[in-house]
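Per-entry structural report
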Amino acid sequence: MIEVRELTKRYGPTLALDRLSFQAHPGRVTGFLGPNGAGKSTTLRVIVGLHGPTSGVALVNGRRYAEISRPLYEVGALLDAGAVHPGRTAFKQLACLARSHRIGTSRVKTLLEQVGLQDVAHKRIGGFSLGMRQRLGIAAALLGDPGVVLLDEPVNGLDAEGIHWVRGLMRTLASEGRTVLLSSHLMSEMALTVDHVLIIGRGRLIAESSMEDLAKRFRRDILVRSPMHVELGGVLRAAGMSVSSEPRGGLVVTGSDTATIGDLAAERRIPIHELTQRSATLEDVYLEMTDEAADYRAGGRRSL
Amino acid sequence: MTLQTAPSRNASAETTVSVLASVMDVAAAEWLKLRTMRAAWVVWAGAAVSTLIGLIIIMGHVGSYDQATPGQQASFESADPAVAVMPLVAFFIGTLSALVMTTEFSTGSIAPSLVAVPQRRTLLAAKSVVVTCVALAGGVLFASLSQIGAMLILGDRPAPLNPWTHWWEAVPPAAGTAVTTLATGLVALGLGAVLRSAAATVAVIGALTLVVPMFAHVLPEPVHLWVASVLIPNLAPQIAGAESAYLLAPPVAAAVLAFYVVVTLGAASLSFSRRDS
Ligand SMILES: Nc1ncnc2c1ncn2[C@@H]1O[C@H](COP(=O)(O)OP(=O)(O)OP(=O)(O)O)[C@@H](O)[C@H]1O
Ligand SMILES: [Mg+2]
């Protein structure tokens, strides 16, 4: 369980977090979504105590992070996969972290296998690709088998197989009752992984919703294709729906649902070639919601 | 972690025990980090090479002594490795100790380190434990090596070239330089935590151990003596109670040395626990 209350963080003149409040609960994957510079990484850094908040609090399992002794058993975090000593091997890197918590090297070995780095375990990290470092960072986060997992852009640099693996991993961790908080600036990446979405922009919480509700809220219209589209249009209008025509004989219907339209067509023996519920893509939704909040927009214009 | 839950045991004793236990675990992790840092081995090699070079210089000094007239010989400076070798060794060990801190900042590995050990004083204490062991061991090792080397080179040549008439007279000065080397290590660690940059820390340590002692004599006389008496490398003979031109009695010299360490580690503790990392 993570609880952030009225968190504010200033870096000199930059207001990175502006009275941000949210909670992330056990048993689900909470997605932390926002454009570049929104404050996602800052929030995670404040949660694990790397940066001190200007005001407000961040609690993990009801305590400030620095109050937890041997925190790797409670919290795992991947913040910046590049933040490692390049001269160390993957194995030694994890062993150094493990030693401070009396975690044995057999656990280190198991984790390296789990993240698919067993073949390069004794190679220096300096020669690792971004994706390999990311895997190593995920292994580090899981060292102490923690109940709370924080991941900043975990799929960054991963290949298709890696992305698939991380998604599965997040789902598994949540289904085991753990609290999983992951950040991303890509909605598409979240759609398949996340149960609950927090959208932030310019350090503020813009929207919070379950993934399901978010998808529902932005359901737009229904596209119907039929060889008898003129007749069908009449029937649907008579049933009180608003109908407009589309090139190539399609009808765009709002104010109803696919079941009703299908039933009406069947009653009149009108053949249906296509019946599609169209939603705004989650990407559109996200862009819409974060538009005002974006620090940086396409075209390089910076809004203040 | 609780080691014991007997009701008779009081809570503060238990926390002290568990804090100590956790410092030792973190120190073990820090020791592993140091062993897997390649730059550290380069610095060790630097200390070894500078010991060798110091001994070669002593050899040259002894060579020119042998060719000098008895009158010149009487005014020869002593071939003391505490002067010819140990300041450089202290500089290298200071560099090594600084790296224990600054490497974490330069590579960003301070983030995972602090995520594992968010109690910053515990982390600093653990690093101090490692630096204490390494700097003291290095100090003792190189002080002994350079003293033994110098003795072999000097043979039975007399004073003033030979600083010792009996071998055991070499022990207190060697111990003195080992202690100042240890202090240099801890000061470097503290400075590293404050400055967070290897280059800046090494520059300051170089100034403290090499440059300022070398150029202090440009100061007018009484001032020079006062300043020179409190410079870290010059505290070694004063702590050892060896004959020297400096002003401080051994306990005062030891207190001055301790003051350096307390001030820098105190500043480190404040800066490290207050600033964002
Ligand atoms: N150490 C720092 N010093 C100064 N400003 C900072 C620092 N870290 C972050 N900021 C500023 O705080 C704001 C939020 O940055 P943050 O890194 O949290 O964004 P983010 O949501 O993680 O973005 P991205 O998607 O690009 O990773 C930005 O304006 C950034 O410039
Ligand atoms: Mg970020």
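Preceding block: the structure.
Residues numbered from 1 in each chain as written. Chains lettered and ligands numbered in written order. Predicted model: local features only at pLDDT ≥ 70, side-chain atom pairs only at ≥ 80, totals over all residues. Heavy atoms only, no water.

Before going further, it helps to examine the sheet that holds strand S5 (residues 75-78) of chain A. The pairing of strands in a sheet comes from backbone hydrogen bonds and takes either a parallel or an antiparallel form. All names here are of chain A. With mixed pairing, the 6 strands of this open sheet are ordered in space as S5-S6-S7-S3-S8-S9. If you trace the sheet from one side to the other, it starts and ends with S5 and strand S9 (204-210), each paired once. When strand polarity is set aside, the average angle formed by the axes of neighbouring strands in this sheet is 15°. Relative to strand S8 (residues 196-201), strand S3 (residues 29-33) is paired through 4 bridges, and the arrangement is parallel. Among the inter-strand pairings, Thr 30 is bridged to a residue of S8, identified as His 196. (Pairing = 2+ DSSP bridges. Helix = DSSP H or I, 4+ residues; strand = E, 2+ residues; numbered from the N terminus. Axes fitted to C-alpha atoms, helices over the stretch in contact; angles between N-to-C directions.)

This part takes up the sheet that holds strand S4 (residues 55-60) of chain A. All names here are of chain A. The 3 strands lie next to each other as S2-S1-S4, forming an open sheet whose pairing is antiparallel. Two strands bound the open sheet, and with one partner strand each, they are strand S2 (14-24) and S4. Across the sheet, the mean angle separating the axes of adjacent strands is 20° when strand polarity is ignored. As paired strands, strand S1 (residues 2-11) and S2 are joined by 7 bridges and run antiparallel to one another.

Residue and element names in this part refer to chain B. On the surface, Val 211, Val 212, Met 214, Phe 215, Val 218, Leu 219, Val 223, Trp 226 and Leu 247 cluster together into a nonpolar patch covering about 840 Å² of accessible area. Taken together, the elements giving at least two residues each to the nonpolar patch come down to helix H9 (198-215) and helix H10 (221-229). Ranked by residues supplied to the nonpolar patch, first place goes to H9 with 4 residues. Relative to the assigned elements, Val 218 resides in the loop between H9 and H10. (Patch = residues over 30% accessible without salt bridge, like charges linked within 9 Å, V, L, I, M, F, W, Y side chains within 5 Å. Areas by Shrake-Rupley, 256 points an atom, 1.4 Å probe, with all protein chains shown as cover. Salt bridge = Lys/Arg side-chain N within 4 Å of Asp/Glu carboxyl O.)

All right, on to the packing of aromatic side chains then. Residues and elements named next belong to chain B. Taken as a whole and judged by the stated rule, the model has 6 aromatic pairs over all chains. Their ring planes at 80° and their centres at 6.4 Å tell us that Phe 105 and Phe 272 sit as a pair that is edge-to-face. Of the two residues, Phe 105 is situated in helix H5 (residues 86-107) and Phe 272 in helix H12 (residues 250-274); the sequence distance between them amounts to 167 residues. For Phe 272, a relative accessible area of 0% corresponds to the buried category. The cationic tip of Arg 120 hangs over the ring face of Phe 272; the distance from NZ or CZ to the ring centre is 5.9 Å. (Phe/Tyr/Trp six-rings, centres within 6.5 Å; stacked < 30°, edge-to-face > 60°. Buried < 20%, exposed > 50% of the residue type's maximum accessible area, 1.4 Å probe, protein only. Lys NZ or Arg CZ within 6 Å of the ring centre and 35° of its normal.)

Attention now moves to the interface of chain B and chain A. Between chain B and chain A, the contact holds 27 residues from the first and 33 residues from the second. For the pair chain B and chain A, the summed buried surface comes to about 2,400 Å²; carbon and sulfur atoms form 58% of the total. When the buried surface of chain B facing chain A is broken down by residue, B:Asp25, B:Val115 and B:Asp276 rank first, second and third, together holding 24% of it. Applying the counting rule to chain B against chain A returns 4 salt bridges. The partner of B:Asp25 in a salt bridge is A:Arg102, with the nearest N and O atoms 2.8 Å apart. Put simply, the parts of the chain that give the side of chain B that touches chain A at least two residues each are helix H1 (11-35), H5 and helix H6 (110-116) of chain B. Taken together, the residues of the side of chain B that touches chain A break down into 14 nonpolar, 8 polar and 5 charged. (Contact = heavy atoms within 4.5 Å. Buried area = accessible area lost by both parts, 1.4 Å probe. Nonpolar A, V, L, I, M, F, W, Y, C, P; charged D, E, K, R; others polar.)

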